[in-house]
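Tertiary structure, described
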Amino acid sequence: MIDEYTINRIADSQKTFYRSGATRDLKFRREMLLKLRDGLKKWEPALLEALWNDLHKSAEEAYMTEIGLIYGEIDDALKHLGKWARRRRVCSPLTVMPSKS
């Protein structure tokens, strides 16, 4: 069992890493999505078993309603990542005028 101190230490480490800006790089994001997909593939049998044990979902139903959706979201994110990360101009709200957004 993990104690509260360890959890807080891990959370602080993750926050520091995020604030470093390392996650902004598109290459990093793509690599993480690919790692997530690989991890999902690796653990798919265990996930299917857990979904059966917890919810009595058959492998087919679990894949259609849980795991397959995640694969689809990962693929969609990989496909659109470049477009989503592009800089674009948007209108500034009146409350922060005359700034640019």
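The text that follows walks through the structure, step by step, so that each part is easy to find. (Residues numbered from 1 in each chain as written. Predicted model: local features only at pLDDT ≥ 70, side-chain atom pairs only at ≥ 80, totals over all residues. Heavy atoms only, no water.)

1. Description of the overall build of the chain
For clarity, the threshold we go by: Secondary structure counts use DSSP, requiring at least four H or I residues in a row for a helix and at least two E residues in a row for a strand, with both numbered from the N terminus. The quantity called the radius of gyration is restricted to C-alpha atoms. Its globule counterpart is 2.2 Å times the number of residues to the power 0.38. Contact criterion: two residues are considered in contact whenever any of their non-hydrogen atoms come within 4.5 Å of each other. Only the protein chains shown count as cover for residues, and the accessible areas themselves come from Shrake-Rupley with a 1.4 Å probe. Note on charges: Lys and Arg go in the positive column, Asp and Glu in the negative column, and His and the chain ends are not counted at all. All charge positions are set by atom: Lys at NZ, Arg at CZ, Asp at CG, Glu at CD.
The helix and strand tally for the chain stands at three helices and zero strands. Going from the N terminus to the C terminus, the chain shows its helices and strands as α-α-α. On C-alpha atoms alone, the chain measures out to a radius of gyration of 20 Å, which is more than a quarter above the 13 Å that the 2.2 N^0.38 rule sets for 101 residues. Seen through its C-alpha atoms, the chain measures out along the principal axes to roughly 60 × 35 × 30 Å. Contacts in the chain between residues far apart in sequence, at least 24 positions, make up 40% of those at least 6 positions apart. For the chain, the exposed surface amounts to about 8800 Å²; the carbon and sulfur share of it is 58%. Across the chain, the 19 positively charged side chains and the 15 negatively charged ones have centroids separated by 16 Å.

2. Brief notes about the packing of aromatic side chains
For clarity, the threshold we go by: Pairing of aromatic rings covers Phe, Tyr and Trp, the last through its six-membered ring, and needs centres within 6.5 Å; plane angles under 30 degrees mean stacked, over 60 mean edge-to-face, and all others mean tilted. Burial here depends on accessible area, computed with a 1.4 Å probe over protein chains only, as a share of the maximum for the residue type. Under 20% is buried, over 50% is exposed, and the range in between is partly exposed.
Scanning all chains against the criterion turns up two aromatic pairs. Plain terms: the ring middles of phenylalanine 17 and phenylalanine 28 are 5.8 Å apart, the flat faces sit at 55° to each other, and that makes the pair tilted. Residue phenylalanine 17 is located in helix H1 (residues 4-19), and its partner phenylalanine 28 is located in helix H2 (residues 26-55); the two are separated by 11 residues in the primary sequence. Taking the relative accessible area as the measure of exposure, phenylalanine 17 reaches 39% and is therefore partly exposed. Ring plane angle 35° and centroid distance 6.1 Å describe the contact between tyrosine 63 and tyrosine 71, whose orientation is recorded as tilted.

3. Topic: the packing of H2 against helix H3 (residues 59-85)
Where we set the bar: To get an axis, fit a line to the C-alpha atoms, keeping to the stretch in contact for a helix; angles then go from 0 to 180 degrees between the N-to-C directions. Oblique is the label for any angle not covered by the other classes, which are roughly parallel (under 35 degrees), roughly antiparallel (over 145) and roughly perpendicular (65 to 115).
Where H2 meets H3, the closest approach of the two axes is 11 Å, and the angle between their N-to-C directions is 180°. Taken together, the axes of H2 and H3 lie roughly antiparallel to each other.

4. Side note on the pattern of salt bridges
Inclusion rule: Each salt bridge in this description consists of a side-chain nitrogen of Lys or Arg and a carboxyl oxygen of Asp or Glu lying within 4 Å of one another.
The final tally for this structure, using the stated rule, is two salt bridges. Among the salt bridges present, the one from arginine 37 reaches aspartate 75, with a minimum N-O distance of 3.0 Å. Residue arginine 37 is located in helix H2, and its partner aspartate 75 is located in helix H3; the two are separated by 38 residues in the primary sequence.

5. Regarding H2
To keep things clear, this is the line we draw: One fewer than the residue count of a helix, multiplied by 1.5 Å, yields its expected span. By definition, a residue's bend is the angle between the axes fitted to the seven residues ending there and the seven starting there.
The first and last C-alpha atoms of H2 sit only 37 Å apart over 30 residues, clearly below the 44 Å expected at 1.5 Å per residue. Bending of H2 peaks at approximately 60° at the position of glutamate 44, with proline proline 45 no more than four residues after it. By the burial criterion, the buried members of H2 are Leu33, Leu40, Glu44, Leu48 and Leu51. Summarising the contacts, the buried residues of H2 are in contact with H3. Just past H2, the residue histidine 56 takes up positive phi, approximately 55°.

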